[in-house]
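# Structural overview for review
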Amino acid sequence: MAGLKAANLGLKFLLELVAIAAFAYWGASHSPVILAVILAIAIPAAFVAAWGIWAAPRSPRRLRRRPRVAFELGCFELAAVALIAAGATLAGIAYAVVAAVNAALLAAFGQLEA
């Protein structure tokens, strides 16, 4: 069971990394090129900054559990919407499903504080 719990935390970290990539992909899907470059850099940077402030485990301004879980799920679902909006519909749906399963397992394993 300890291995499954560790794998679930690893999956959450992977979801965070994929969210950054999803926001960059969405930004890069725009036109003209200058807008695509700006969005592909700015949107993931904003996500990383917000996550670092309100969701990172060592942040002094980390949200309490309930609002943090809502914030994290909201970020993951926005990443799924970004993938769908960029034309990667199947990837966006798969990402949303994996994020939901991960959240359910985090709650079941008592890992919401991690």
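### What to know about helix α3 (residues 65–85)
Compared with the 30 Å implied by 1.5 Å per residue over 21 residues, the 30 Å span of α3 between its first and last C-alpha is a close match. Positioned one or two residues after α3, Gly87 has a phi angle of 100°, which is positive.

### Some details on the packing of aromatic side chains
Counted under the stated rule, the structure contains six aromatic pairs. Each ring, one from Phe47 and one from Trp51, has its centre 5.6 Å from the other, and the planes form 45°; the classification is tilted. Here the residue Phe47 and the residue Trp51 both occupy positions in helix α2 (residues 33–54), the gap between them amounting to four residues, near one helical turn. For Phe47, a relative accessible area of 8% puts it in the buried group.

### Looking at the packing of helix α1 (residues 2–28) against helix α4 (residues 89–108)
Contact geometry for α1 and α4: axes closest at 10 Å, N-to-C directions at 145°. Crossing handedness for the pair α1 and α4: left-handed. Where α1 abuts α4, its residues Asn8, Leu9, Leu11, Lys12, Leu15, Val18 and Ala19 lie against Tyr95, Val98, Ala99, Asn102, Leu105 and Leu106. Tallied by class, residues from the contact of α1 with α4 come to 10 nonpolar, two polar and one charged.

Conventions and cut-offs
- Residues numbered from 1 in each chain as written.
- Predicted model: local features only at pLDDT ≥ 70, side-chain atom pairs only at ≥ 80, totals over all residues.
- Heavy atoms only, no water.
- Helix = DSSP H or I, 4+ residues; strand = E, 2+ residues; numbered from the N terminus.
- Expected span 1.5 Å × (residues − 1).
- Phe/Tyr/Trp six-rings, centres within 6.5 Å; stacked < 30°, edge-to-face > 60°.
- Buried < 20%, exposed > 50% of the residue type's maximum accessible area, 1.4 Å probe, protein only.
- Axes fitted to C-alpha atoms, helices over the stretch in contact; angles between N-to-C directions.
- Left-handed = near helix turned anticlockwise from the far one by under 90°.
- Contact = heavy atoms within 4.5 Å.
- Nonpolar A, V, L, I, M, F, W, Y, C, P; charged D, E, K, R; others polar.

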